[in-house]
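# Geometric and topological summary
Single-letter residue listing:
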Amino acid sequence: AASLIAQDDSIIIASGTTMAFLAREIKPVGHLTVITAAVPVTSILSQDANIDVIQLGGITRSSSVSVVGPFAEQMLRHFNCSKLFVGVDGIDLEFGLTTTNMLEATLNGAMMNAAQKVIVLADSSKFGRRGFSKICDLEAVDRIITDSGIQPLYLERLRERGIEVIVVRSEEHTSE
């Protein structure tokens with residue numbers, strides 16, 4: 001995912017443990033602007049002088065140490081970014097993308113509206129699952145990055161829908 005970030009890019013990084021891992025891998029060539037709801041992402045990226053971090057404001061969720069709510073959503077209306085990197089709790093072929101928190105789902109939707117491309121980072125265990133709150137239909141997704149444990153059926157169905165799926169070989173899943 002980090003390799004998809006271009007020089008002088010403006011991106012949005014959602015919240016969650018996967019997004020913190022992504023933040024640690026970002027080594028910008030030139031300048032980078034990052035908008036995020038996640039305090040851990042801000043903490044990691046603000047150490048790099050080549051990265052301007054815009055921390056969204058709002059209600060802090062203790063479970064993810066990230067913000068949600070109308071203030072964060074309102075801030076996003078003023079921005080246009082090339083990419084959104086988002087993690088999810090579930091990817092269902094019929095229901096779409098989901099998360100466990102309705103405020104986070106609403107914020108993720110606002111992030112999608114502020115981004116030209118939506119890139120989902122989800123390990124293979126997320127496929128076929130539905131979280132409590134719907135984020136969006138699959139048609140809103142441009143690309144999914146997952147591990148080699150993804151079932152071939154999901155891979156085929158997602159690609160049939162025009163979603164680019166990048167399968168990264170993982171240590172746990174060595175067959176492909």
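Residues numbered from 1 in each chain as written. Predicted model: local features only at pLDDT ≥ 70, side-chain atom pairs only at ≥ 80, totals over all residues. Heavy atoms only, no water.

### With respect to helix α1 (residues 17–25)
Those residues of α1 that fall on the buried side of the exposure criterion are M19, A20, L22 and A23. All buried residues of α1 project into a common sector of 160° when viewed along the axis, lining one side. Projecting away from the buried face of α1 at angles above 90 degrees are the exposed residues T17, F21 and E25. Looking at the buried side of α1, the elements it contacts are β1 (10–13), α2 (39–45), β6 (81–87) and β9 (115–121). (Buried < 20%, exposed > 50% of the residue type's maximum accessible area, 1.4 Å probe, protein only. Helix = DSSP H or I, 4+ residues; strand = E, 2+ residues; numbered from the N terminus. Arc of directions from axis to C-beta. Contact = heavy atoms within 4.5 Å.)

### Some words on helix α5 (residues 152–160)
For α5, the set of buried residues is Y154, L155 and L158. All buried residues of α5 project into a common sector of 100° when viewed along the axis, lining one side. Facing away from the buried side of α5 by over 90 degrees, the exposed positions are P152 and E160. Packed against the buried residues of α5 are β11 (143–147) and β12 (164–168). Looking one or two residues beyond α5, the residue adopting positive phi is G162, at roughly 85°.

### Looking at the pattern of salt bridges
Under the defined criterion, the tally for this structure stands at six salt bridges. For R61, the salt bridge is made with E104, and the minimal N-O distance between the two is 2.4 Å. Within this pair, whereas R61 is found in strand β4 (residues 59–61), its partner E104 is found in helix α4 (residues 102–113), the two being separated by 43 residues in sequence. For R61, a relative accessible area of 15% puts it in the buried group. A salt bridge links D137 to K134, with the nearest nitrogen and oxygen atoms 2.4 Å apart. (Salt bridge = Lys/Arg side-chain N within 4 Å of Asp/Glu carboxyl O.)

### Here we look at the packing of aromatic side chains
Under the counting rule described, the total for this entry stands at one aromatic pair. Cation over ring: K134 sits above F95, and NZ or CZ is 5.0 Å from the ring centre. (Phe/Tyr/Trp six-rings, centres within 6.5 Å; stacked < 30°, edge-to-face > 60°. Lys NZ or Arg CZ within 6 Å of the ring centre and 35° of its normal.)

### Comments concerning the pairing of β1
Regular strands show a simple pattern: their side chains alternate between the two faces of the sheet. In the sheet, β1 pairs with strand β2 (residues 32–36) via four bridges, with the strands oriented parallel. Its bridge partner lying in β2, I13 is registered against T36. With α1 bridging β1 and its parallel neighbour β2, the resulting β-α-β unit is right-handed. Pairing of β1 with β6, which is carried by three bridges, proceeds in the parallel orientation. Looking at β6, one finds that I11 is bridged to K83. (Pairing = 2+ DSSP bridges. Right-handed = clockwise from strand over helix to strand, strands pointing away.)

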